[in-house]
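Tertiary structure, described
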Amino acid sequence: MTDHGRISWTGSLLLAVFLLMLAALPACGRESVTEGLPDNHSGEQAPTVDFTETESIDATMDAVEPEGQNDAEPEEADPATEDSMRLNEIREMFGENCIAEQTFEVELSEYDGKVWFVPIAPSGENSEFSMQIIQNGEVLRNIRSFPIDVVGGRSFTSLDAVYFGDLNYDDCTDILLIETYENIQIPDVYYGFAANDSEYDRYFDPQSRLCENIYLLAEQMTIPYVVDLLTNGKRNGGFTSWQEAYMEVSRLYDLENRHPGEWTEDDIIRWDVEYDLVDIDGDDIPELVAGIDGYFVSLYTYHDGMVYQLMDQWGYGVMGNVGYEYLPGRNRLRNYNNDYAGLVLYTTYMTVNSQHKTEIAEEIKMLNFDDRNGNGRPEDDEIDSVGEVCVIYKDGVEITSEDYAACEAGEYEYLTGNMSYEELQTALNQ
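All residue numbers refer to position in the chain's written sequence, counted from 1. Only residues with pLDDT of at least 70 get local features here, since the model is predicted, and only at 80 or more are side-chain atom pairs given and counted; chain-wide, interface and lining totals rely on the full set of residues. Derived side-chain values reflect all non-hydrogen atoms in the structure, with water molecules and hydrogen atoms excluded from consideration.

1. Focus on the environment of Tyr414
Formally: Strands here mean DSSP runs of E at least two residues long; helices mean DSSP runs of H or I at least four residues long; both are numbered from the N terminus. For every residue, the accessible area obtained with a 1.4 Å probe (protein chains only) is divided by the maximum for its type, and the residue is called buried under 20%, exposed over 50%, and partly exposed between those limits.
Within the fold, Tyr414 resides in strand β25 (residues 413-414). Since its relative accessible area comes to 45%, Tyr414 is described here as partly exposed. For the pair Tyr414 and Asn335, spaced 79 residues apart in sequence, the C-alpha to C-alpha distance is 9.7 Å.

Structure (structure tokens):
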């Protein structure tokens, strides 16, 4: 064998050994993996179905080689596989009909601790899209969906995006959804309300009229666009003046209550939202009145960059409730109500406390009949005393007519609007 032949054989042997060594090495790569479903909280947009790259990892391991040790990177987990496993875990927790891509563990101001927001797709058991608030396996609240009229008979197709945040300046977490019904996308807004021990539990109220106006005005049906349309990029606590705060509050109030589109002959009842600036507490900063005369009234106050909701569409005009009044500059509000055609008259006096909330100061109950059995309502055998007897109680204790007159002292004025939205904006810009 020639020297050339020996060289060729030796080279072939070395090449074979080299290839064997390569085969012994573990495969290594560098791919992005996604984090787990984020804990979304008030004011942050929840992610949509698309998961984005959030971090990269490097992993090394020792591999024994014929000629020593080398460090090498192992193959990374497939992000799509991890996402699929995560979504399957959510479906195992909440059922196959939950929309796992839009199911999040969140912090809502209405509840203590984290809760799960679980949207549920229509199924044989539930023909409509709905939502649940779940904590520790217990359903705290079922939320029924109320799609706007433009949806018509279209079927629910997808939940495209979710947002949690305070949209209406009341310091409660609201929910904004973007949904698809066949060929159209719509907004779906729910205002959150905290619990009130004496009146109602925490709940989420659908804002159908607001959503109709958003649908007509929005050039893009996305979370960032709709949130900006509602808030104008402003956050409660960041206002520089009461004028700025009331401009934003009234702008949203107009969106919530204006009639969508034009009035038609089918609109039997028509209304106009009106506004006013009044002095409730004498601090040189006016309060904002908004409402529809004869139906409901809202009241807002301002302090150190924050706007506070004192009344949220308090209804009146029926069941003996004639409306709400205030004593200018004296921090005193009044409301009359009655039962049994005026035989039982209630007078409630309220103030605005240091936490900028409305609270009851005094309650008067006047019985215009002889309540012989003490049950507080007129019976058949007590009707003959109507007009002859008047008994007055203050916070449950009987008082004289002179005491009652002292409570009534002062010239009260009704909380009602006298300016259109455009006139209010002009007044705030002066």
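Continuing now.
2. Notes on the side chain of Ser250
Applicable threshold: Definition of a polar contact: a pair of N or O atoms within 3.5 Å, with one able to donate and the other able to accept a hydrogen when the atoms are protein atoms, and with sequence-neighbouring residues admitted only if both atoms are side-chain atoms. In this description, contact between two residues means that some pair of their heavy atoms is separated by no more than 4.5 Å.
If you trace the backbone, Ser250 turns up in helix α5 (residues 242-257). Looking at Ser250, the relative accessible area reads 1%, which means it is buried. A distance of 3.1 Å separates the side chain of Ser250 from the backbone oxygen of Met247, its partner in a polar contact. A polar contact is formed between the side chain of Ser250 and the side chain of Gln425, at a distance of 2.8 Å. With residues up to four places along the chain from it excluded, the contact list for Ser250 reads Tyr275, Tyr421, Leu424 and Gln425.

3. Some remarks on the pairing of strand β18 (residues 306-315)
The condition that has to hold: Following DSSP output, two strands are said to pair if at least two bridges run between them.
For strand β17 (residues 296-303) and β18, the ladder comprises 7 bridges, and the chain directions are antiparallel. Its bridge partner lying in β18, Tyr300 is registered against Gln309. Once β17 ends, the chain turns through 2 residues before running back antiparallel as β18, passing Asp304 with a positive phi of about 50°.

4. Things to note about the pairing of strand β11 (residues 156-165)
For β11, the buried fraction is high: 7 of the 10 residues fall into the buried class. In the sheet, β11 pairs with strand β12 (residues 174-181) via 8 bridges, with the strands oriented antiparallel. Following the sheet pairing, Phe164 is matched in β12 by Ile175.

5. Quick look at the sheet that holds strand β24 (residues 397-399)
The antiparallel open sheet is built from 7 strands, whose spatial order is β24-β23-β22-β21-β20-β19-β25. Every other strand in the sheet has two partners, leaving β24 and β25 as the edge strands with one partner each. The pairing of strand β23 (residues 391-394) with β24 spans 3 bridges and is classified as antiparallel. Residue pairing for β24: Ile392 is matched across the bridge by Ile399.

6. Considering the nonpolar core
In plain terms, the rule: Among buried residues, those of type Ala, Val, Leu, Ile, Met, Phe, Trp, Tyr and Cys that are joined through side-chain atoms within 4.5 Å constitute a nonpolar core.
Among the nonpolar cores identified, the biggest contains 64 residues, and Phe117, Leu177 and Tyr246 are the most heavily contacted of them. No other element matches α5, which puts 7 residues into this core. Residues within four places of Leu177 in sequence aside, it is in contact with Phe117, Phe129, Met131, Leu159, Ala161, Val162, Ile186, Pro187, Asp188 and Tyr190. Membership of the second largest hydrophobic core comes to 14 residues, among which are Val278, Leu310, Met350 and Leu415.

7. So, the sheet that holds β18
The test is simple: Lines are fitted to the C-alpha atoms to define the axes, a helix being fitted only along its stretch in contact, and any angle between axes, read from their N-to-C directions, falls within 0 to 180 degrees.
The strand order β15-β16-β17-β18 describes an open sheet built from 4 strands, whose pairing is antiparallel. The open sheet has two free edges, formed respectively by β15 (274-278) and β18, since each of these has just one partner strand. Along the sheet, successive strands turn relative to each other by an average axial angle of 20°, direction set aside. On the sheet, α5 packs against β15, β16 (287-292), β17 and β18 and is oriented at approximately 155° with respect to β17.

8. Here's the deal with the environment of Gly396
Mapped onto the elements of the fold, Gly396 is located in the loop between β23 and β24. Take Gly396: its relative accessible area is 64%, and that puts it in the exposed class. Taking C-alpha positions, Gly396 is 7.9 Å from Lys365, a pair spaced 31 residues apart along the chain.

9. Brief notes about helix α4 (residues 223-231)
The α-helix advances 3.6 residues per turn, and as a result positions three or four apart in sequence lie on the same side. Looking only at α4, the buried set comprises Ile223, Val226, Val227, Leu229, Leu230 and Thr231. Among the residues of α4, the N-terminal cap falls to Thr222, whose side-chain oxygen and the backbone nitrogen of Tyr225 are separated by 3.3 Å. Phi turns positive one or two residues past the end of α4, at Asn232, with a value near 55°.

10. Section: the packing of aromatic side chains
Applied cut-off: To pair, rings of Phe, Tyr and Trp, with the six-membered ring standing in for Trp, must have centres within 6.5 Å; the planes then decide the type, stacked if under 30 degrees apart, edge-to-face if over 60, and tilted in the middle. Charge over a ring is defined by NZ of Lys or CZ of Arg lying within 6 Å of the ring centre and within 35 degrees of the ring normal.
Taken as a whole and judged by the stated rule, the model has 12 aromatic pairs. Arranged with centres 4.7 Å apart and planes meeting at 0°, the rings of Phe129 and Phe156 form a pair that is stacked. With a gap of 27 residues between them, Phe129 in the loop between β8 (114-120) and β9 (130-135) and Phe156 in strand β11 connect regions that are remote in the sequence. Among the residues examined, Phe129 registers a relative accessible area of 2% and is labelled buried. The exposure class assigned to Phe156 is buried, which follows from its relative accessible area of 17%. For the pair Phe156 and Tyr181, a centre-to-centre distance of 5.5 Å together with 80° between the ring planes defines the contact as edge-to-face. Taken together, the positions of Phe156 in strand β11 and Tyr181 in strand β12 put the pair 25 residues apart, joining distant regions of the chain. Tyr181 matches Phe156 in its accessibility class, with the two residues each being buried. Of the aromatic side chains, those joined through ring pairs into one cluster are Tyr253, Tyr275, Tyr300 and Tyr421. Between Arg334 and the ring centre of Tyr412, over which it is positioned, the NZ or CZ distance is 3.8 Å.

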